[in-house]
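Coordinates in review
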Amino acid sequence: KTRYRADDPSWARERARSPKAPAAKIPARVAHAVVQLRQTLAQNGHRCGAAAIRQALKQQGLEPTPSHRTIYRILQHHEKEVRVR
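These notes cover the structure that comes with them. (Residues numbered from 1 in each chain as written. Predicted model: local features only at pLDDT ≥ 70, side-chain atom pairs only at ≥ 80, totals over all residues. Heavy atoms only, no water.)

Regarding helix 1 (residues 28-43)
For helix 1, which comprises 16 residues, the first-to-last C-alpha distance of 23 Å matches the rise-based estimate of 22 Å (1.5 Å per residue) to within 8%. Taken together, the buried positions of helix 1 are Val30, Ala33, Val34, Val35, Leu37 and Leu41. At the exit of helix 1 stands Gly45, carrying a positive phi of roughly 80 degrees. (Helix = DSSP H or I, 4+ residues; strand = E, 2+ residues; numbered from the N terminus. Expected span 1.5 Å × (residues − 1). Buried < 20%, exposed > 50% of the residue type's maximum accessible area, 1.4 Å probe, protein only.)

What follows is the structure, encoded as structure tokens:
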């Protein structure tokens, strides 16, 4: 609606739909810490979900502490990577 101008014939021209800025990338050290912590927790018989991993990362003082969703995505990506190899 904000682009509409009846007096300008180019108002309906296609525009780029891609994001203006790239998505933030998780630092490799954080992703590595998440994967390592999950493996350690699983080996010790502890809960190894995103909430437990986030709590453990906070206790270790890792900054920035990723959100639950980000931890879940890191673990999903790692699982896909392991399956491909």
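What about the nonpolar core?
If you look at the biggest cluster of nonpolar residues, it comprises 14 residues, and the most contacted ones within it are Val34, Leu37, Ile53, Leu57, Leu62, Ile71 and Leu75. Going through the elements one at a time, helix 1, helix 2 (50-60) and helix 3 (68-84) are the ones with two or more residues in this core. For Leu37, the residues in contact, after removing those within four places along its chain, are Ile53, Ala56, Leu57 and Gln60. (Core = buried A, V, L, I, M, F, W, Y, C linked by side-chain atoms within 4.5 Å. Contact = heavy atoms within 4.5 Å.)

So, unusual backbone geometry
The residue after Glu63, namely Pro64, is reached through a cis peptide bond having omega -5 degrees. Residue position: Pro64 is located in the loop between helix 2 and helix 3.

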